[in-house]
Structures are given as structure tokens and as C-alpha cells.
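# Fold and geometry: a report
Each chain, written out:
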Amino acid sequence: MTPEAILNQSAVALNQSQRETYFEQGYLVFPELIGHTELLVIRDAVNNVLDMSREVDVSNHQFDLEKGHSSENPKLRRVALVDDLDINLWKFCKDSVVTDIAVDILGPNIRFRDLFINFKWAGGGAEVKWHQDIAFYPHTNVNTCQFLLALEDVESDQGPLQVIPNSHLGPIHLHYNAEGNWAAAISESDLKLAGVNKAIELRGKAGTLSVHHSCTIHGSEQNMSQRGRPMLVITYSAADAIPYTAAPYLSSHFSELVRGSQPRYAHHQELQMPLPPDWSSGYTSIFNHQEQAENDA
């Protein structure tokens, strides 16, 4: 569906002004939207996942470890496929206010794509360079979005998410370096025209939810505080947005319809859609890919 068609649908959770702002700016923020009781359930589930990482000593497709990780002192960059690790996390993805908001900005028919936790560990948790999500998982149209739920308070010194307003209306950039190798980030030359100086930090108290368009340019700096910055990250797509490439993260719920019904047609949008590498042979995380690109430079 086009933005105009989506805006003509009845809203579920948002008002019309919020929906219009999303399509104009490429993101929305909902301060402390998730209440204390629901947040406690999610935190308990995340702590269970953290305990699972104690058995892991080398980064793999699911657990991306920070330097210094050990069973006694777990330190993580990301854990993926967590919808398969805890039923409460899957329930939150499948039916909550988050799915209601997804309907209001993607249309009535919604597919779940993936769920992971970015931990941004205290005392130097890794930065994420500027990128666009759609470059990692191209679709027949750009109606995919990513939600971030702050599990703890997020302030400027913790490396909060930064977004460039209106950047989703510009081009989808190549995420390769000058040598033609995957860099998982936008090149410095393209960033000069992207308006990085206009980036906005998305800070907030625990329970704050944000959502950004798959073409919105975003990133985050290192966490230089002594407080962790764990984020639950959920991706949805419109059901008529069909992926061109293998999924980086393929859980048992990948592409499951969580709202609405199966579409009869794919929606093909005319645009220049860059293609990433073939992920069918494996994928770790954006942290690992950006680190490898920097080491190879």
C-alpha cells in the first residue's frame, strides 16, 4: 500500500497527526509507552536470554559477544532470534500496542520479520555506524519498519539511537566500500549530503518506544557511561512487501502474519533498491560486519 492508502485506513492506536508525522519525518517516539508491569515481564525474559549466553564463548549467528565476555561476566552486543528463546517476548511481538502501531503505519496486513536485543554494554558498548535498514533486507517496496523499546533509561552518554529526519525520502544508499566490499554502513561521501548535522537523539525513560522507517538513516555512538543500554528491536513488514533476498535472521516466526490477512498481490514500488550480500550462508550482526569492514580498510 502507498502512504496515501494507509492514511485513508482507520487508525488503531495513533491519531492522524502522528501517522502523517511518521510519513513526513520517518520516525516517531512514544515516551514511557510500555508500563511497569509489562516491562518487568520483558526484562525477566531478557535476563533469561542473558543467562543462556553464559554457555557461549565464541560469537555465532545468534549470540554476538562483546570483548571480555565470560560465563561469570557476560557481555553482549546482540542476541538474535529471541522470539524462539522466550514465549513472552514472542507474545509481545505478536499482539501488543506495538503491533497496533505497526498497522497504523504499514497498513492492515502485517508480517513479523525479526526480534533481537541490542545490549550496548556499559563502558564502551559498540557504536553503530550510519545505515538504512532496507539495505540489509531489500523488499519489493519500502513498507517495513523497526521498533526499539528502551528497557532502561537512555541518556546522551549511553549512545542513544540517532535518526536523520526526512532522510527516508532520499535515496537508498549503497552500503559497500570503495573496493566493492560490504561495509554495512553508508560511505563517508554519501553521508556528506545526508544531513548528519541534523540528526536527533532519541532519548527517554525505560518503556519508551520508538519506530523508524526502513529508509531512515540512523546510527548510534559508543556507550561511554557505566550504565547498560539494552534495547528490544522488532521489525515488521507490510504483508505485500516481499523480500528479494535471504533473511539475515530466520526464526520459526519469520514472515508470520500477525495482523490482517494474506494479500492477493505483491506491491512493487519503482525505486533503486541496492542488494546486500547473500545471507543464506550466514550472518552475525551489523556490529560484526562494520567491525570487519573497518579492520579490512
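Up top you'll find the structure we're talking about.
Residues numbered from 1 in each chain as written. Predicted model: local features only at pLDDT ≥ 70, side-chain atom pairs only at ≥ 80, totals over all residues. Heavy atoms only, no water.

## Quick look at empty space enclosed by the protein
Tallied over the full model, the rule gives two cavities of 30 Å³ or more. Its boundaries defined by the atoms lining it, the largest cavity holds a volume of some 320 Å³. Considering the residues around the largest cavity, the lining is formed by 25 residues, among which Arg78, Phe116, His131, Asp133 and Gln146 are closest to the centre. Of all the secondary structure elements, the ones that give two or more residues to the lining of the largest cavity are strand S4 (110-118), strand S5 (128-131), strand S6 (144-150), strand S10 (218-220), strand S11 (231-238) and helix H7 (286-296). Residues belonging to the lining of the largest cavity are distributed by class as follows: twelve nonpolar, eight polar and five charged. Looking at the second largest cavity, the residues that line it are Val29, Leu148, Ala150, Val154, Leu161, Leu202, Arg203, Gly204, Thr208, Leu209, Ser210 and Met231. Counting residues per element, the ones that place at least two in the lining of the second largest cavity are S6 and strand S9 (209-213). (1 Å grid on protein atoms, 1.4 Å probe; cavity = no way out; pocket = protein on both sides within 12 Å on 5 of 7 lines; lining within 4 Å. Points joined across faces, edges and corners; volume = space filled by probe spheres on them. Helix = DSSP H or I, 4+ residues; strand = E, 2+ residues; numbered from the N terminus. Nonpolar A, V, L, I, M, F, W, Y, C, P; charged D, E, K, R; others polar.)

## Regarding the nonpolar core
Formed by 47 residues in total, the largest nonpolar core has its most connected members in Phe147, Leu149, Leu232, Ile234 and Tyr236. Leaving out residues up to four positions away in the same chain, Leu149 has contacts with Ile34, Leu39, Ile42, Phe92, Gly207, Thr208, Leu209, Pro230, Met231 and Leu232. Within the second largest apolar cluster, 29 residues are counted, among which are Ala80, Trp182, Cys215 and Phe287. (Core = buried A, V, L, I, M, F, W, Y, C linked by side-chain atoms within 4.5 Å. Buried < 20%, exposed > 50% of the residue type's maximum accessible area, 1.4 Å probe, protein only. Contact = heavy atoms within 4.5 Å.)

## Remarks on helix H3 (residues 36-52)
Its 17 residues place the ends of H3 24 Å apart at the C-alpha level, agreeing with the 24 Å of an ideal helix rising 1.5 Å per residue. What H3 keeps buried is the set Leu39, Ile42, Ala45, Val46, Val49 and Leu50. The arc that holds every buried residue of H3, seen down its axis, measures 150 degrees, which confines them to one face. Exposed side of H3, more than 90 degrees from the buried face: His36 and Thr37 are the residues found there. Elements in contact with the buried residues of H3: strand S2 (63-65), strand S3 (76-80), helix H4 (87-94), S4, S6 and S11. (Expected span 1.5 Å × (residues − 1). Arc of directions from axis to C-beta.)

## With respect to the pairing of S9
Most of S9 is tucked away: five of the five residues are buried. Along S9, one buried face is formed by Leu209, Val211 and His213 and the opposite face, lined by Ser210 and His212, is buried too. Of the pairings in the sheet, the one linking strand S1 (residues 27-30) to S9 comprises four bridges and is antiparallel in character. Considered in S9, the bridge of Phe30 is made with Leu209. Pairing analysis gives five bridges linking S6 to S9, with the strands arranged antiparallel. Within the sheet, the bridge partner assigned to Leu149 lies in S9 and is Leu209. (Pairing = 2+ DSSP bridges.)

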